[in-house]
Amino acid sequence: MRKLAIVVGLVVFAILVSGLITATSAAPEEIPLLQNTETEPNNSFDEANPLPVPGHILGAVSTTIDDTLDYFHLEGIQVGKQYQASLTIDSPQGLNLRLVLWNGDRQYIDTSSSSASNITLVWTSSTSSAYVRVEAVTVTTTTVRSANYRLDVFQTATTPTPTNTPPPGADAYEPNDTKETAYYLPVSTSASANNANFWPVGDVDWYAFYVKNGRRYRASTSDLIGVDTYLEVYTQDGSRIGGDNDGGGGFASKLEWEATYDGYYFVRITNMVTSGPQDTYDLTVAEIGTPATSTPAPMSPVPGIDRCEPNGDFDHACVIPPNQSLTFNLISPYGAGPDNDYYKIWVKPGLHYECRTSDLSPGVDPNMIVYDQNRNALGGNDDVAPGDFNSAFSYYSTYSGWLYVLIGTGDRTPSDVNDSNYTLRCDTRVPGQPTATPAPVPAATSAPQATAARVPVPNATVTPAPGLTVRTLTTPGPAVTATPAPRFIPVDLLVYYDANGDRQPGAGEGITGVSVQAYEAATNQLLAQGFTDDAGSLRFTVSAQGPARIVVPFFGFSQLVAGDDTRIYLRIPAH
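Residues numbered from 1 in each chain as written. Predicted model: local features only at pLDDT ≥ 70, side-chain atom pairs only at ≥ 80, totals over all residues. Heavy atoms only, no water.

*Asks:* Go over the overall build of the protein chain with me, naming the residues and quoting the values.
*Replies:* In terms of regular secondary structure, the protein chain is built from one helix and 34 strands. If you take every contact in the protein chain between residues at least 6 apart in sequence, the share linking residues at least 24 apart comes to 74%. Surface exposure of the protein chain reaches about 28,700 Å², of which carbon and sulfur atoms provide 54%. (Helix = DSSP H or I, 4+ residues; strand = E, 2+ residues; numbered from the N terminus. Contact = heavy atoms within 4.5 Å. Areas by Shrake-Rupley, 256 points an atom, 1.4 Å probe, with all protein chains shown as cover.)

Right, here's the structure in full:
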């Protein structure tokens, strides 16, 4: 009886929506006068109702367990053509619906947003048929809700007008700034995107590549001109597989993975520096040979490697203790390629961690990148100051788990790797903890304090004023926890593009319009924000109970500051 009532409702709904649907130049002209209605059961691929394209059908779904899904098999579509599925919904109870799309081989393609009124899903067909599912979005209520719908599927114009016009200077793959707008590479064992760029400034590029379950794939960038790529791979449900910065040699990126399903994986490319429209890169995604054995034959390590080798990836990161200075080197464990050293330290929420290199051998110029427990990059640092090649990074932890630290040199491996030592130390402290003497001012991530450290004033002998009696308390009273008075922390920041490579800010090298924020470290409360001026400078003063964190989101920069007159130089290398 419930289905009969729904069918009657569909007829009424069809009369209502017939006046709402207006034919367009891309819409079908063959829509018949009589309405088609779904046939139950159609709750799976094998039970899918056939739907010739162009065509339409009426249906209904509800929140009952056996009526939340309707499958349709789209027949008569052409490979390489663009199609549109439109859902017009009558939902008096406010039940949201959405569309899920697969190709004719039942391989997932896309999912629409949810709505109680209208939904549109557009795709380019790679097979001669497809499947579409209409589903009710789960709601947290015990009341049964239902909605009627009309599903129209038709071929769109051969060259549709893009929803977003790429800005002047953008590459041919735009708009591809999100996973939902990813550029789909050709279905092949190997595909490339050539001469892509990061324009306008801040551009992020997404690509989709079709894979087969159980096979291995490699995504890599190459032919870099004026860019420094960071590459990440995601599954179709948005789970992150991993990321890489300089694994492809120089500033190029490379990541390999094994597919766990038939369908699309997504590659996200970001730029670690600021570039123009003429600065480009190539992306290649390809199937690679599966190793003959799951465990490669062991290689003999070269002499002189440090005690943490091999530690060239997250899975082999070397555990380091806090508050200890340890010496390592840049000798690659098997004698090939640059040596990337991964370390990890256990962190707890509410504590401040500062990792720093020191005691560099001649020619050693390390770069530090810090990652959270999910292996997401938090930020990094190349040089702590012009002329000081050491790296440092501060982090206020908000979780319990591993904090990863990567020390590498990219293409700046010293000529004598046998003399390539560096010392790494990660200190832990409680923010705002009182000390007998003033705490040393922590060095900025890109440059240390420009002013000298403050000299503590020695305790003066106090002479009692006339008429006052002074006595010594032999038993101190209970400690009173008081909220520390706010301190004023002036910050002077300069962001510059080191075009001539001299590691010094020069005339015309300042980067304008860079967003900068300051947060209370203990509470993550926003204290101030602003943008760099035409010279790349920004000066402001914040009032904070304890240390403040200076953040430059675009460059992944984060630095804890606590002293007076903090000066930070953020250098963007030219190569």
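Here the narrative resumes, following the displayed structure.
*Asks:* So what about the state of the cysteines? Which residues, and what values?
*Replies:* Here a disulfide denotes one covalent bond, and it connects the sulfur atoms of two cysteines. Using the criterion set out here, one finds two disulfides in the structure. Bridging C355 to C426, the disulfide has an S-S length of 2.1 Å. Here the disulfide of C355 and C426 is right-handed, its torsion about the S-S bond being about 115°. Of this pair, C355 sits in strand β22 (residues 352–358) while C426 sits in strand β27 (residues 421–429); the two residues are 71 residues apart in sequence, bridging distant segments of the chain. For C355, a relative accessible area of 3% gives the class buried. (Disulfide = S-S within 2.5 Å. Buried < 20%, exposed > 50% of the residue type's maximum accessible area, 1.4 Å probe, protein only.)

*Asks:* How would you explain the sheet that holds strand β28 (residues 487–498) if you had to name every residue and give the values?
*Replies:* The strand order across the open sheet built from three strands is β31-β28-β34, with neighbouring strands paired in mixed fashion. Each of the sheet's edge strands pairs with one partner strand only, and the pair in question is β31 (537–544) and β34 (566–573). Neighbour-to-neighbour, the strand axes of the sheet open up by a mean angle of 25°, direction not taken into account. Sheet topology places β28 next to β34; eight bridges connect them, and they run parallel. Across the sheet, V491 pairs through a bridge with T566, a residue of β34. (Pairing = 2+ DSSP bridges. Axes fitted to C-alpha atoms, helices over the stretch in contact; angles between N-to-C directions.)

*Asks:* Describe the nonpolar core, and please don't skip the residues or the numbers.
*Replies:* If you look at the biggest cluster of nonpolar residues, it comprises 27 residues, and the most contacted ones within it are L87, L97, L99, W123 and L151. Every element with two or more residues in this core is listed here: β2 (55–62), β3 (69–75), β4 (82–90), β5 (97–103), β7 (118–124), β8 (129–136) and β9 (146–155). When residues no more than four places from it in sequence are discounted, the contact partners of L151 are L51, G55, H56, I57, F72, A85, S86, L87, L99, V132 and V134. In terms of nonpolar packing, the next biggest core, distinct from the first, is built from 24 residues, Y207, Y261, Y281 and V285 among them. (Core = buried A, V, L, I, M, F, W, Y, C linked by side-chain atoms within 4.5 Å.)

*Asks:* Now, about the packing of aromatic side chains: what can you tell me, with residues and values included?
*Replies:* Enumeration according to the criterion identifies 24 aromatic pairs in this entry. Seen in terms of ring centroids, Y183 and Y207 are 6.5 Å apart; in terms of plane orientation they differ by 75°. Their pairing is edge-to-face. Within this pair, whereas Y183 is found in strand β10 (residues 183–184), its partner Y207 is found in strand β12 (residues 205–211), the two being separated by 24 residues in sequence. When its relative accessible area of 31% is taken as the criterion, Y183 is described as partly exposed. Look at Y184 and F266: their rings are 6.3 Å apart centre to centre, the planes differ by 85°, and that puts the pair in the edge-to-face class. Of the two residues, Y184 is situated in strand β10 and F266 in strand β17 (residues 263–271); the sequence distance between them amounts to 82 residues. Through successive ring pairs, a cluster of aromatic residues spans F209, Y217, W257, Y261 and Y265. Directly above the aromatic system of W402 lies the positively charged group of K344, at a separation of 4.5 Å from the ring centroid. (Phe/Tyr/Trp six-rings, centres within 6.5 Å; stacked < 30°, edge-to-face > 60°. Lys NZ or Arg CZ within 6 Å of the ring centre and 35° of its normal.)

*Asks:* Residue-level account of the environment of N213, with values.
*Replies:* Note that N213 resides in the loop between β12 and β13 (216–222). A C-alpha to C-alpha distance of 7.9 Å links N213 and E258, two positions 45 residues apart in sequence. When near neighbours in sequence (up to four residues on either side) are disregarded, N213 contacts A259, T260, Y261 and D262.

*Asks:* Run through the pattern of salt bridges, naming residues and quoting values.
*Replies:* Tallying each qualifying case throughout the model produces 20 salt bridges. Its salt-bridge partner being D315, residue R375 comes within 2.9 Å of it at the nearest N-O pair. One end of the pair, R375, is in the loop between β23 (367–371) and β24 (377–381); the other, D315, is in the loop between β18 (280–288) and β19 (318–319), with 60 residues separating them in the sequence. Between D492 and R539 there is a salt bridge, with the nearest N and O atoms lying 3.3 Å from each other. Here the residue D492 occupies a position in strand β28, and R539 occupies one in strand β31, the gap between them amounting to 47 residues. Overall, the relative accessible area of 11% leaves D492 in the buried class. For R539, a relative accessible area of 60% puts it in the exposed group. Residues joined by salt bridges that share partners form a network here, namely D365, D382, D383, D498, R503 and R571. (Salt bridge = Lys/Arg side-chain N within 4 Å of Asp/Glu carboxyl O.)

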